[in-house]
Structures are given as C-alpha cells and as structure tokens.
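An overview of the molecular structure
Listed here are the chains, written in short residue letters.
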Amino acid sequence: MATVETADTAVAEESGVRRRDFINIAAVSFAGAGAVATVFPLVNQMNPSADVLALSSIEVDISAIEAGQSIKTSWRKQPIFIRNLTADEISQANAVDTAGLRDPETLADRTTPGKENWLITLGVCTHLGCVPLGAAQGEIKGEFGGYFCPCHGSHYDTAARIRKGPAPTNLVVPEHEFLSDTVVKIG
Amino acid sequence: MSFPWAKEYTPTTDFGQWMDKQLPLPRFIYNSVGAGYPAPRNLNYMWNFGSLAGLFLVVQIVTGIILAMHYAANANIAFDSVEHIMRDVNSGWMIRYAHANGASFFFIAIYLHIGRGLFYGSYKAPREMLWLLGVVIYLLAMATAFMGYVLPWGQMSFWGAKVITGLFEAIPLVGKPIQELLLGGFAPDNAALNRFFSLHYLLPFVIAGVVIMHIWALHIPGSNNPTGVDVKGPQDTVPFHPYYTAKDGWTIGLALIFFTALMFFLPNALGHADNYIPANPLSTPAHIVPEWYFWPWYAILRAFTFDFLFIPAKLLGVLAMFSAILVWFFLPWLDKSPVRSGNFRPKFKIFFGILVIDVLILGYCGGAPAEEPFVMISQLAAAYYFAHFLIILPLLSRMEKPEPLPNSITESVTGKPLNTAS
Amino acid sequence: MVRFIGILVGLFFSGWLLVSFAMGAKEYISNPPAETAEHAFHQEPKDISFTSDGPLGKFDRQQLQRGFQVYKEVCAACHSLRLVAFRNLEEIGYNEDEVKAIAANWAIQTPDVDPDTGEMSSRPSLPADKFPKPFANNVAAAAANNNAIPPDLSLITKAREGGAPYVYSLLTGYQNPPANLPEANQPGPGLHYNPYFANLNLAMAPPLAAADMVSYSDGTNPSIEQMAEDVTAFLIWTAEPKLEERHQTGWAVIAFLLIATILAYLSYRTIWADVKAEKKKKV
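Residues numbered from 1 in each chain as written. Chains lettered and ligands numbered in written order. Predicted model: local features only at pLDDT ≥ 70, side-chain atom pairs only at ≥ 80, totals over all residues. Heavy atoms only, no water.

1. Describing the interface of chain C and chain A
- Across the boundary between the two partners, chain C contributes 17 residues, which contact 19 residues of chain A.
- For the pairing of chain C and chain A, the buried interface totals around 1400 Å² over both sides, and the portion due to carbon and sulfur atoms is 70%.
- By the criterion of area lost to chain A, the three top residues of chain C are Phe256(C), Leu263(C) and Thr270(C), representing 33% of everything that side buries.
- Summed over the shared surface of chain C and chain A, the result is 1 salt bridge. (Contact = heavy atoms within 4.5 Å. Buried area = accessible area lost by both parts, 1.4 Å probe. Salt bridge = Lys/Arg side-chain N within 4 Å of Asp/Glu carboxyl O.)

Set out below in structure tokens:
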C-alpha cells in the first residue's frame, strides 16, 4: 500500500529485501517440489499391478506334446505356440539359406541348444497382431508348413520365420528356459 | 472487479498481451485470486477454510479418478476390487486412504466454513446468493459422500444404502415406488451400485461447477470480514495476492500435515470395521451408523419416536432431517438483524455458542447406538436446533441491542478513527 | 412472512420433540431398560501390543512366520484367506522356492477345470494363486460347521471392532461360564462361552485348546498365548500388508510438509510484515 511507505519501513525493507525474497522463493520451490513428488505415485499406479506381474512367467508341462504336434497356451494374456518339430520339419528349416530371408535367423538361433525340436513363439503375427493359424490340429499351416496369418496372408516357415506376406519380422521367441525335459518356463 | 481501486491487470510480455486479447484467462485469474481482488485486510483464520475445502475437493477428484481406473462397480467384485487396490495396485493403498480420509477433511473444512458464515453473518445481504450456493454445494457433497460410501460394497455400504433409501419409503403413497426407482430393485444390488458409481463420479464435477459460481458470487460484493462492516476504501483492503495466497498457502501446509498424519498412521480411525466385511443382505451389522459427518442429521432422524396424529414418526423424522438442512436456505430472511458479525451481538453470541455445542451433542448421539439415554438427549438437542434457527434468530433480531460498530475496518484494526489513517 | 411460517414450523418440530422427550423420559423412569446379560458379562479386549502398533510400528517377520505356521496347521482347515496370494508370503521372509513349495503342498488344492474332460477338478497351487478356500461355498461351510460359517480371515483384524487385541482376546478368552450367568445365555449345544464375543457364546470350539499344538522351528515355546499372539500378528499383516510402507512413507511426507509449512509460514510473515508494522505504528 502506498500509505505504508514511510521513512522507517523503507529502511527496514532495504536491508531485508534479500532475505524476504529468498524465503518466498524457497517456499514456492518447496511447494513445487512437493507437487512434483506427489505426481509420481499418481502416475505410477497405472503400471502393471503386483497380481499382473505375478503372472509374467509361467511353467508349461510339455510331456504330452508328440512330435509334429503343437499347443496353444496363454502367457501375459497373449497366445503362445509350443511346437514339437518333426525331424523333417527341422531339416526343412535348416535347409533354408538365411541370407535370402527378410529377418535372417537360423532355427538354432531360435531354439535352445539340444532341444532344437521345441519351437516356442508368441502367437502374434508381427504385422498387425492377429493370431496366425497352424498351431491347432487341422489348421492350414501356409505355404511353408509353419504358420499362416489369415488377416493379410503372412506365411511363416517351420522355424516360424516370415517367408511371404506383409509381416516385417519372424514370430517373436519369448525368453524361455527348460527346467527339465518336460517343463519349460516362459518369461 | 468490485472495488474501483482494484489493481488492473497489465500484461508485460508480448505473449501476455496476445493472450489477453484472445483469451483473457490470466486476467480472469488475476482478478479472482490474484492481486486484482482487494480483500478486507482484517480477515482472521476462520476465513481460511474455504480454500481448504477447495483443496480437499481437488484431492478427492484426483484420487477418485485414479481409483476409478481400478475399481469395478459390480456387486460381485466391487469389494475385491477395492482390496485389489489396497494390495496389488502400485501405491493403491495410499490413494484409497487419501480418498477415504480426504472426504472427512473436506467435511471438516466445510463445517468450519459454514460455522464461520453463521457467526459472522456472511449469509446476510448482499451475500444471500453466495450463501444459497454454498448450501447447494453442501447438499451435493452429502449426496456424493453417501454414494461413495456405498461403493466398497462392505456391510456398512450395503446397510447404509438400504437405510437411506428406506427413508423415502416413509413418504405416503409414492414412497415405495420412489425407493424402488432409486435402487432399481427391491433392495440394494448391482443396479443400485452401478448408478451410485455413475453419480458419484459425476457429482464432484457438478460441485466444482457450483464452486465456481460460489466464488463468482463472492467477488461481486467482496468478502465479508470479522467486523461485518462494509469495506469503505482502499485503506480497508489488501490485494488477495500475495497477502491471502500466502496466508492460505501456509494453512494448506498445516492442514496437509493433519491430513497425512491421519491417512498414514490412523487411516481407518474414522471408518467402520464392518465395512471390511463384504456386503451380506442376510445379516445386519449390530448397529448401523453413517460416516461421522452425517451424525447430527442421523440423530435428528432418530429423535422422532412418536407419531403425530396421522403422521408416522418415521415420516416426521425424515421431514425433520431434511428440514434441518433446508432451513439454511431461508436463513438470510429468518435472521433480519442488520448487524452481521456476531462479535457485536451479545445475545446472539451466547445462542451461537449453544448451537455449536448442540450440534456436537447431536453428532455424538447420532454416532451412538439408538438406545436411551441417547435418544432423549438427541430429542432435546434437536428441539434446540430447530428453535435456534426458526424461533430464536427471527425474534432475536427484534429484541437484541447490538453493540456499537466500528466506523471502518481500518479503525477496528488500528484502533484509530478513519481520518487519521492517511 | 418467511419468519412467521418459520416460527410455526419451529414451534411444531421443537414442540413435538419436547413432547416426545417427556413421554420417553416418563417411560424411562417408570420402566428403566434392564441391563442385558450380553452387556453385563461382555469384556473389552485384553491389553496387548504388537510390534506393528503405532506410527513407528514394524512387523516381526519371525513372528509372522510362526503365525503363518499356526494359521496353516490350525486355522486353515476351516477359515479361508481368500484375499492373500501365496506369492505374498515372500513379503514375510520366505524365498521364492519356499513359497513355491508351500503353494504346491498346500492341503487344499486350487479349483480348476480338467483340460481333457471339462469337469471341475483341482490342481496344486502356484505362487500367483490366492489361498484356496477350504469350503467350496457358504452352504458347504455352514453344513460342515454346525450352521456357523467360519469367516474369512484376510481382513479380520480390520473387520472387527477392537481389531487385533479383540482377535487375540477371543483366541485366549474361552472359559467356563460364570455361575451367575442367566439360563438364556448359557452356551447351548455346540456353543462355547467366551466373554470377548459380543453375544457371549460362539460356535467355534477353542481353536488353540492346548499348548504345543504346533512346534516352532525357531525354538519359541508354543504356549497358547504365544500361538494366539503369533497368529494375530500374522493376521494383522494379512489385513494390512502395506503397513510398513505406509508408516515409512508417512514419516517422509510429514517431514517434508513440516519444512514446507514452516517456510510458507515465514513467507506469510514477511509478506504481511508491512501491514502489521502499519498496525503497530498506528497504535
């Protein structure tokens, strides 16, 4: 207020001006820091919750899958294909020259050493996310004997590599580990 | 806005000027809670609870939106989804406890804010509309809080919903159909839970809208003050910013300390154990009580134990409970004393003190089981409550001789007459 | 007009309340309500403290593990723990493999659907599973327990008036009915007298009937009181697993707010200094 500007308060103000500003700035910055810190839990709550994370790895019993068969199971709410390749399918996959592939990988790159017959992939087409056919009994397996995505016609071979159609990459092989000859842990 | 000496917003940057021409939002804020709003210089700490109620409304809306991301409004899984929030969602327990206790703090702030208005005559001309909007906010907040308490679908949620919707049953002829309409069934179930969730999500935004009108209505006459004397000139006011933003700022810190202490160390102190038992339509809790902020009204509801002629006691209780709040709508015309502030009304001051104690007693009885002596005490207390607003205040304005008022706010602050102030 | 109607309404409500009061008071004096036996014999929970009490409270993991053992060997046969998952046991100090083994060997299996036949079956539990319920549904629970449904224990220390001390008192409070207990309040067939229970008699037989019902691997003497205290501590954890996190966060938040509030207060004082100075000077 203009009426306050008398001689003695003006003097007091001159000497106190720094301290006064400092306190106001400190108070406002503290409030700001508190507000920012509060935002963290308010946003972090959207991350996967503990019960969802608890299901992020599963163990699958594969003892019942005969050579040439495959099963479709669910992992992280997505389909997963576990396929027991026949010797024929393995040699088919190994016969391919990787240099000519869109996403060059050998069957050995995509399986566990010593267990090359177990092809474990996500059942999610890398094009737009449809579930390819070929895992269940009687479904068409496409031109290369692996999987076939009916949405836009992507053909995968017996190592689940993309051979024809719009998909940019091979079917994803999730991280997995054989706990024994009959149990595989995915994730 | 209201006073000619209010500082004018002058944008200093090019961007500020461009903004001011196209969307004068900074000007709007400057004039409502910035330096452009001159507020009486003598406001005491009772004037801080409006901003605190606003703070807790924001806390409730923010935490509520987050809880709605995880909550499932289905009678089969609602209870478990709340426990999912408490156990598995990242920081979910913190957000839920903030929401549950934030409701209590919202009501603490709003009750002190109402009490301030009652004592200092803030409901009197020219602020009747401001007061009426405030009562509307309070009613909406009660409805919101009640429906929110139903959502966890615990025992108290279920039976609270049943008792409160059962009140409508007391209305003659149309009562039963109204109750069934509200519940979408014959007892609370999925239909009721879903609509309560929908409305519980909607109403806070309606409240926020009415709050904006409330603040708008405040800025036309300007704030009341502890003397109740009108602002006479620039020497009576200080700019809202930085003076009252700083004052509100530090009390917000203080309120948050109390709030977080309760929320982190005694998060269930204001809740009820029965609400951790899933709703069971076949078993009633030993004694059904609403949340503490409804206790005074609940005591009034239960105080009517005898039929009056053809009016059943239950209907009387319902009428009285609603009248107890609706009477506030008529308050500006019931109390015609020209003096606003209770500080200068010696007799009013005494009756106001009795009213405060009376409401506390009603609150205590409302939370106690419905047995003697609590029913008798609440009958006396409820009798005073109605007498205070409907009989004492109208008569007091005629019979009381107020003390002399100061000539101006500045005079009351400095103790010197106005003419020497400048 | 408003005031005239107001006074009439006020006279009606207040008047009728006073009349009701007078009638109620007359009734109260001439016919005072008798104290019920439930009220006279009921006892408040015993005074017992837990390490998790108070704003600094923390869990004693060793005790929680002992309490879990009591739950597993004594309570689990009848009482479910449906909101807690096996994986949560890692929070009380079991490692991943132990949790896996506890889940797989749990006496009750997790309900499942046989993948070949589609019929209801069960399978060993996994860490991600919640504790399976001992009874398929409430009807089965009531049928097996003399019509009293054993409550779920996940939230029991928060779902009962009196909290954890009440649970402890109930477990250790079984006794013979006092000689002066009215006939109507005597425990009927299948009921057991316990003054800490609201209506004095409950269907649950004393669960911790004798010492040494469990044998603790850490050498703690399994007296009835010890077992009751341990299982209560475990149930505090099941009801509020985030308690420690809550206490720690609380202190950090309050420490921050204290500093922020002091700064805000100082800022408020400096901003108001000139207005206050004016006031002082003028006086």
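2. Considering the domain arrangement of chain B
All names here are of chain B.
- Assigned domains of chain B: these are domain 1 (30-229 + 237-268 + 277-284) and domain 2 (289-402).
- When each unit is reduced to the centre of its C-alpha atoms, the spacing between domain 1 and domain 2 is 22 Å.
- Each partner contributes residues to the interface: domain 1 has 40 residues there, and domain 2 has 32 residues.
- Counting the surface lost from both domain 1 and domain 2, the interface buries some 3200 Å², and carbon and sulfur atoms represent 72% of this.
- Broken down residue by residue, the surface that domain 1 buries against domain 2 is led by Phe119, Lys124 and Leu167, which jointly contribute 21%.
- Our count for the contact surface shared by domain 1 and domain 2 stands at 2 salt bridges.
- Seen at the junction of domain 1 and domain 2, the total is 15 residue pairs in polar contact (both at pLDDT 80 or more).
- Within the residue set of the side of domain 1 that touches domain 2, elements represented by two or more residues are helix H5 (92-119), helix H6 (128-150) and helix H7 (155-168).
- Broken down by element, the side of domain 1 that touches domain 2 gets its largest block of residues, 11 residues, from H6. (Domains from an automatic or database assignment. Polar contact = N/O pair within 3.5 Å; in protein donor to acceptor, adjacent residues only side chain to side chain. Helix = DSSP H or I, 4+ residues; strand = E, 2+ residues; numbered from the N terminus.)

3. Section: the packing of aromatic side chains
- Applying the stated criterion to the full structure yields 64 aromatic pairs over all chains.
- Between Trp93(B) and Phe264(B), the ring centres sit 6.1 Å apart and the planes meet at 75°, which makes this aromatic pair edge-to-face. Placement of Trp93(B) in helix H5 and of Phe264(B) in helix H10 (residues 240-265) is noted, with a sequence separation of 171 residues between them. The same class applies to Trp93(B) and to Phe264(B), which are both buried.
- Measuring from centroid to centroid gives 5.3 Å for Phe105(B) and Phe259(B), while their planes differ by 70°, and the two rings are edge-to-face. Placement of the pair is Phe105(B) in helix H5 and Phe259(B) in helix H10, with a sequence separation of 154 residues. Of the two residues, Phe105(B) and Phe259(B), both sit in the buried class.
- Directly above the aromatic system of Tyr147(A) lies the positively charged group of Arg83(A), at a separation of 4.9 Å from the ring centroid.
- Note that Lys247(B) overlies the ring of Trp272(C), its terminal NZ or CZ placed 5.9 Å from the centroid. (Phe/Tyr/Trp six-rings, centres within 6.5 Å; stacked < 30°, edge-to-face > 60°. Buried < 20%, exposed > 50% of the residue type's maximum accessible area, 1.4 Å probe, protein only. Lys NZ or Arg CZ within 6 Å of the ring centre and 35° of its normal.)

4. Re the pairing of strand S2 (residues 120-123) of chain C
Residues and elements named next belong to chain C.
- One ladder, built from 4 bridges, connects strand S1 (residues 110-113) with S2; its direction is antiparallel. In the strand pairing of S2, Val113 is matched with Met120.
- Where S1 hands over to S2, the hairpin turn is made up of 6 residues, of which Gly118 adopts a positive phi near 80°. (Pairing = 2+ DSSP bridges.)

5. Digging into the confidence of the model for chain C
All names here are of chain C.
- Looking at chain C, the pLDDT average stands at 93 and 99% of residues meet or exceed 70.
- Across chain C, the element-wise mean pLDDT spans from 83 in helix H2 (residues 37-41) up to 97 in helix H7 (residues 224-239).
- Two numbers describe this predicted complex: its pTM, 0.92, and its ipTM, 0.94. (pLDDT = per-residue confidence, 0-100.)

6. Observations concerning the packing of helix H3 (residues 49-68) of chain B against helix H9 (residues 190-219) of chain B
All names here are of chain B.
- Two elements in contact, H3 and H9, have axes whose closest approach is 11 Å; the angle formed by their N-to-C orientations is 155°. Judged by the inter-axis angle, H3 sits roughly antiparallel to H9. Here the hand of the crossing between H3 and H9 comes out left-handed. Here H3 contributes Leu57, Ile61, Ile65 and Ala68 to the contact with H9, which in turn contributes Phe197, Tyr201, Pro204, Phe205, Ile207, Ala208 and Val211. (Axes fitted to C-alpha atoms, helices over the stretch in contact; angles between N-to-C directions. Parallel < 35°, antiparallel > 145°, perpendicular 65-115°, else oblique. Left-handed = near helix turned anticlockwise from the far one by under 90°.)

7. Focus on the state of the cysteines
All names here are of chain A.
- For the structure on display, the rule yields 1 disulfide over all chains.
- A disulfide bridge connects Cys130 with Cys151, and the sulfur atoms are separated by 2.0 Å. Linking Cys130 and Cys151, the disulfide has an S-S dihedral of approximately -105° and is accordingly described as left-handed. A residue pair is termed long-range when its members are at least 10 positions apart, and Cys130 in the loop between strand S4 (118-122) and strand S5 (145-149) and Cys151 in the loop between S5 and strand S6 (154-157) qualify at 21 residues. (Disulfide = S-S within 2.5 Å.)

8. Topic: the interface of chain B and chain C
- Listed by partner, the interface residues are 67 residues for chain B and 57 residues for chain C.
- The interface formed by chain B and chain C holds 2 salt bridges in total.
- The salt bridge partner of Arg82(C) is Asp80(B), with a shortest N-O separation of 2.9 Å.
- Broken down by secondary-structure element, the contributors of at least two residues to the side of chain B that touches chain C are helix H4 (78-87), H5, H10, helix H12 (313-334), helix H14 (374-399) and helix H15 (409-414) of chain B.
- A per-element tally of the side of chain B that touches chain C places H10(B) first, with 16 residues.
- Taken together, the residues that form the side of chain B that touches chain C break down as 46 nonpolar, 10 polar and 11 charged. (Nonpolar A, V, L, I, M, F, W, Y, C, P; charged D, E, K, R; others polar.)

9. Comments concerning the side chain of Gln45(A)
- In this structure, Gln45(A) sits in the loop between helix H1 (7-44) and helix H2 (50-54).
- Ignoring sequence-local partners within four residues, the contact set of Gln45(A) consists of Ile66(B), Met69(B), His70(B), Val89(B), Asn90(B) and Ile95(B).

10. Here's the deal with the pattern of salt bridges
- Per the stated rule, a full pass over the model turns up 25 salt bridges over all chains.
- A salt bridge links Asp157(A) to Arg163(A), with the shortest nitrogen-to-oxygen separation between them at 2.9 Å.
- Among the residues examined, Asp157(A) registers a relative accessible area of 2% and is labelled buried.
- The class of Arg163(A) is partly exposed, set by a relative accessible area of 27%.
- Note that Asp335(B) is salt-bridged to Arg345(B), the shortest N-O span being 3.2 Å. Residue Asp335(B) is found in the loop between H12 and helix H13 (346-367), and its partner Arg345(B) is found in the loop between H12 and H13; the two are separated by 10 residues along the sequence. Like Arg345(B), Asp335(B) is buried.
- A single network of salt bridges, built from pairs that share partners, joins Lys124(B), Asp335(B), Arg345(B) and Glu400(B).

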